[in-house]
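What follows is the residue order along each chain.
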Amino acid sequence: MSGPLVLVFLSGLFIVISFFIPRDPFPKVELWALRWYYIVVGFALLLGVDSLVLHHLRRIRRGGMQAFYSAVLLIGFFVTLVWGIVAWKQFGSPFAPHSHFLWIFMNVEVPLEATMFSLLAFFIASAAYRAFRARSFESTLLLVSAGLVMLGRVPLGQYVAVPLLSAFGVLLAFELYHRPVRTPLDRVLYRGGPVLVLLFSGILVLPAVFPQLAARIPGVASWILTVPQVAGKRGIEFGLALGGLAFGYRILFGMERGYLR
Amino acid sequence: MFLTLGRIPKPWIYGLVFLAAALPFFLKRTFPAQITPEVRAVYDFIESLPEGTPIVISTDYGPSTIPEMQPAFEALLTHAFRKNLRVMVMTHTTYQGLMVAQLSLDRMAEKFHKVYGKDYVLWGFRPGAAAVVVNLGRDIYSVFDTDVKGTPLKDMPVMKGVHSLKDVGLVISLTATSAGDIWVQYGQARYGFPLALGSTAVISPGHYLYYTAGQVIGLIPALKGASEYEVLVGNPTGPANLGMVSQASVHILLIVLIFLGNVGYLAQRHTRKRA
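Reading guide: rules and limits
Residues numbered from 1 in each chain as written. Chains lettered and ligands numbered in written order. Predicted model: local features only at pLDDT ≥ 70, side-chain atom pairs only at ≥ 80, totals over all residues. Helix = DSSP H or I, 4+ residues; strand = E, 2+ residues; numbered from the N terminus. Rg over C-alpha atoms; globule rule 2.2 N^0.38 Å. Contact = placed C-beta atoms within 7 Å. Expected span 1.5 Å × (residues − 1). Nonpolar A, V, L, I, M, F, W, Y, C, P; charged D, E, K, R; others polar. Domains from an automatic or database assignment. Buried ≥ 20, exposed ≤ 12 C-beta atoms within 10 Å, placed from the backbone. Pairing = 2+ DSSP bridges. Right-handed = clockwise from strand over helix to strand, strands pointing away. Axes fitted to C-alpha atoms, helices over the stretch in contact; angles between N-to-C directions. Left-handed = near helix turned anticlockwise from the far one by under 90°. pLDDT = per-residue confidence, 0-100.

## Observations regarding the overall build of chain A
Line of reasoning, step 1. Secondary structure summary: chain A contains 10 helices and 0 strands in total.
Line of reasoning, step 2. Put simply, chain A runs from its N terminus to its C terminus through helices and strands in the order α-α-α-α-α-α-α-α-α-α.
Line of reasoning, step 3. Compactness check: chain A gives a C-alpha radius of gyration of 29 Å against a globular reference of 18 Å for 261 residues, more than 25% above the reference.
Line of reasoning, step 4. Its C-alpha atoms give chain A principal-axis dimensions of about 75 × 50 × 40 Å.
Line of reasoning, step 5. Long-range pairs, those at least 24 residues apart, make up 47% of the contacts in chain A with a sequence separation of at least 6.

## Some points on helix H4 (residues 101–131) of chain A
Line of reasoning, step 1. Its 31 residues give H4(A) an end-to-end C-alpha distance of 44 Å, which sits within 8% of 45 Å, the value for a rise of 1.5 Å per residue.
Line of reasoning, step 2. Contact partners of the buried residues in H4(A): helix H3 (65–91) of chain A together with helix H2 (10–27), helix H5 (96–111) and helix H11 (239–274) of chain B.

## Thoughts on the interface of chain A and chain B
Line of reasoning, step 1. Facing the 54 residues of chain A at the interface are 54 residues of chain B.
Line of reasoning, step 2. Elements with a minimum of two residues in the side of chain A that touches chain B: helix H2 (26–62), H4, helix H5 (137–152), helix H6 (157–177), helix H9 (210–226) and helix H10 (228–252) of chain A.
Line of reasoning, step 3. In terms of residues, the side of chain A that touches chain B owes the most to one element, H4(A), which gives 15 residues.
Line of reasoning, step 4. Looking at the side of chain A that touches chain B residue by residue, the class counts come to 36 nonpolar, 9 polar and 9 charged.

## Section: the domain arrangement of chain B
Line of reasoning, step 1. Along its sequence, chain B is carved into domain 1 (2–27 + 248–274) and domain 2 (37–235).
Line of reasoning, step 2. Computed over C-alpha atoms, the centres of domain 1 of chain B and domain 2 of chain B are 40 Å apart.

## Comments concerning the pairing of strand E1 (residues 54–60) of chain B
Residue and element names in this part refer to chain B.
Line of reasoning, step 1. Most of E1 is tucked away, with 7 of its 7 residues classed as buried.
Line of reasoning, step 2. Across the two faces of E1 the burial is the same, with Pro54, Val56, Ser58 and Asp60 and Ile55, Ile57 and Thr59 all buried.
Line of reasoning, step 3. With 5 bridges joining them, E1 and strand E2 (residues 86–91) adopt parallel strand pairing. Looking at the pairing, Ile55 lines up with Val87 of E2.

## Let's talk about the pairing of E2(B)
Residues and elements named next belong to chain B.
Line of reasoning, step 1. Taken across its 6 residues, E2 has 6 buried, putting it largely inside the fold.
Line of reasoning, step 2. Of the two faces of E2, both are covered, the one formed by Arg86, Met88 and Met90 as well as the one formed by Val87, Val89 and Thr91.
Line of reasoning, step 3. Looking at chain direction, E2 and strand E3 (residues 120–125) are connected through 5 bridges and run parallel. Bridge pairing links Val87 to Tyr120 in E3.
Line of reasoning, step 4. In this fold, E2 hands off to H5, which returns the chain to E3; that crossover is right-handed.

## Some details on the packing of H2(A) against helix H6 (residues 130–138) of chain B
Line of reasoning, step 1. Interhelical geometry of H2(A) versus H6(B) gives an angle of 145° and a closest axis separation of 10 Å. The crossing of H2(A) and H6(B) is left-handed. Residues Pro27(A), Leu31(A), Leu34(A), Tyr37(A) and Tyr38(A) of H2(A) lie in contact with H6(B), whose contacting residues are Ala131(B), Val134(B), Asn135(B) and Arg138(B).
Line of reasoning, step 2. In terms of residue class, the contact of H2(A) with H6(B) is made up of 7 nonpolar, 1 polar and 1 charged.

## Points about the environment of Gly42(A)
Residue and element names in this part refer to chain A.
Line of reasoning, step 1. With respect to the secondary-structure elements, Gly42 resides in helix H2.
Line of reasoning, step 2. Given 11 C-beta atoms within a 10 Å radius, Gly42 is considered exposed.
Line of reasoning, step 3. Once the C-alpha coordinates of Gly42 and Leu13 are considered, the two residues, 29 residues apart in sequence, prove to be 23 Å apart.

## Observations regarding the environment of Tyr43(B)
All names here are of chain B.
Line of reasoning, step 1. Looking at the element boundaries, Tyr43 is found in helix H3 (residues 37–48).
Line of reasoning, step 2. Residues Tyr43 and Leu232 lie 189 residues apart in sequence; the distance between their C-alpha atoms is 7.4 Å.
Line of reasoning, step 3. Excluding its chain neighbours within four sequence positions, the residues that come into contact with Tyr43 are Tyr229 and Leu232.

## Observations concerning the packing of H2(A) against H3(A)
All names here are of chain A.
Line of reasoning, step 1. At their nearest, the axes of H2 and H3 sit 8 Å apart, and the two run at 140° to each other. Classified by chirality, the crossing of H3 by H2 is left-handed. In this structure, H2 contributes Val53, His56, Arg59, Ile60 and Arg62 to the contact, and H3 contributes Gln66, Ala67, Ser70, Ala71, Leu73 and Leu74.
Line of reasoning, step 2. Among the residues making up the contact of H2 with H3, the classes are represented as 6 nonpolar, 3 polar and 2 charged.

## Quick word on unusual backbone geometry
All names here are of chain B.
Line of reasoning, step 1. Look at Asn84: it is not a glycine, yet its phi comes out positive at around 60°.
Line of reasoning, step 2. Looking at where Asn84 falls in the secondary structure, it is placed in the loop between helix H4 (66–82) and E2.
Line of reasoning, step 3. The partly exposed category is assigned to Asn84, around which 14 C-beta atoms lie within 10 Å.
Line of reasoning, step 4. One non-glycine residue with positive phi stands out, namely His113, at about 55°.

## Some thoughts on the sheet that holds E1(B)
Residue and element names in this part refer to chain B.
Line of reasoning, step 1. The parallel open sheet is built from 6 strands, whose spatial order is E3-E2-E1-E4-E5-E6. Pairing within the sheet leaves two strands with one partner each, and these edge strands are E3 and strand E6 (218–221). Shown here is a sheet whose adjacent strand axes are inclined to one another by a mean of 15°, direction ignored.
Line of reasoning, step 2. Across 4 bridges, strand E5 (residues 195–199) lies against E6 in parallel orientation. Note on E6: the bridge partner recorded for Ser199 is Pro221.
Line of reasoning, step 3. Against the sheet, helix H9 (residues 204–212) makes contact with E5 and E6, and its axis sits at roughly 170° relative to E6, the strand it touches most.

## Some remarks on the confidence of the model for chain B
Line of reasoning, step 1. Averaged over chain B, the pLDDT score is 91; the fraction of residues at 70 or greater is 100%.
Line of reasoning, step 2. Taken over the whole predicted complex, pTM reads 0.86, whereas the ipTM for its chain interfaces reads 0.85.

## Some remarks on the environment of Tyr211(B)
Residue and element names in this part refer to chain B.
Line of reasoning, step 1. Note on placement: Tyr211 falls in helix H9.
Line of reasoning, step 2. Between the C-alpha atoms of Tyr211 and Leu195, which are 16 residues apart in sequence, the distance is 10.0 Å.
Line of reasoning, step 3. Ignoring any residue separated from it by four or fewer positions in sequence, one finds Tyr211 in contact with Glu38, Val216, Gly218 and Leu219.

As structure tokens, this is what we get:
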């Protein structure tokens, strides 16, 4: 067990040192180590192929509808492999320009992947319709910001954004008005100022300043992307980086051994 | 009546999304995109590069994102070829990036009468993501000794004076993967070369971090960014601008659907309370 741990410690430590001391011999040895990385990646790919083929052969042996799908996958895999080897022989690389291997790419892979990815639009639309509800202040804030970014980043979106904001304002005013009043503060909130402001802005102010407001929507969308979005994201990234650092430290010193299993 | 607004059947939603996405392509109408500072920054930077400056474009995306990414790649090639820059194309996170590059590279080069090996080159694909970027910063030939056709890179006139990424005028990563982060963290931060990022809509919000911090010179975020770049290079009716109309109609439909869903939700809540 200690052999791989020592190897990981030494290679990890070496890469860290070479990052901070960019003087010979470190860069040269780092280059050599990174070449070894490509070799390891290549073997990892072979392991993946082995695992994929064995898994689907087992499914074919079990039979049923799943066996059919596995057979299609294996046929596709081996046809692509043989085709690639033939193209390699003829053109020096299967990916060389004018290689007939590109036919598979253009006529099988591109339409298949494009179809899979396009389906997302339908699922996202359906999911957004069902899940995007103004249930709380936070969800309402998210909904309004998402709406502004979605409409502010597309042509003509700004002209739709203002009437929709008006409609959301009126909707929110009605929602607040129908909330039960239990305390004096509830009375102020649900029967007073905020409701009136939402109604007033929804019915009168927004439509009145429509052209001026519409012109500002793309700017507002850009601001959301570059200020509050970046602030939140940066916090997450700091957290991730610190987590990554701690994880790297644990691997380097043999505290994390999951990769040995 | 309001209750039914919260229960629109899925097939109806799918049908509406299909119509909203497909119809604009038949209308063939475009609306010029408003230029944002992040896209203009990339354009202005390329515009400021002297003739013959080498630039590297890394196409780190696959077929699933061709409609979103390819227009940006073609607009960048248009700009670079028009400016007589030396274009070097590579990929390091997905082998598919090599093939998507080939879909446009030769065609665009032919349009601008550019010669392979003299004005542009396709380095090819090397796996290794971060390791590739680290090595390119030191020595390009240690990663790509030959181009995609197997010709030694050192023998090509297009590579004259180019030994590492420090010798290129600009690196642009067009990505649908984490390649943008890799380029910033292992490339730009370490070697300090000018870097621009283009990405899909899912990834681009994360790239604003690097833009606002000054680590990248500009961004081409998603189809919107590509449509702006098309306008900047004088092609306001290009594929990105055509696609943006479709995207706009789907976005508007989505917001309307969300509004209707909320009306239905509130109506349902009030009905429950009364019951």
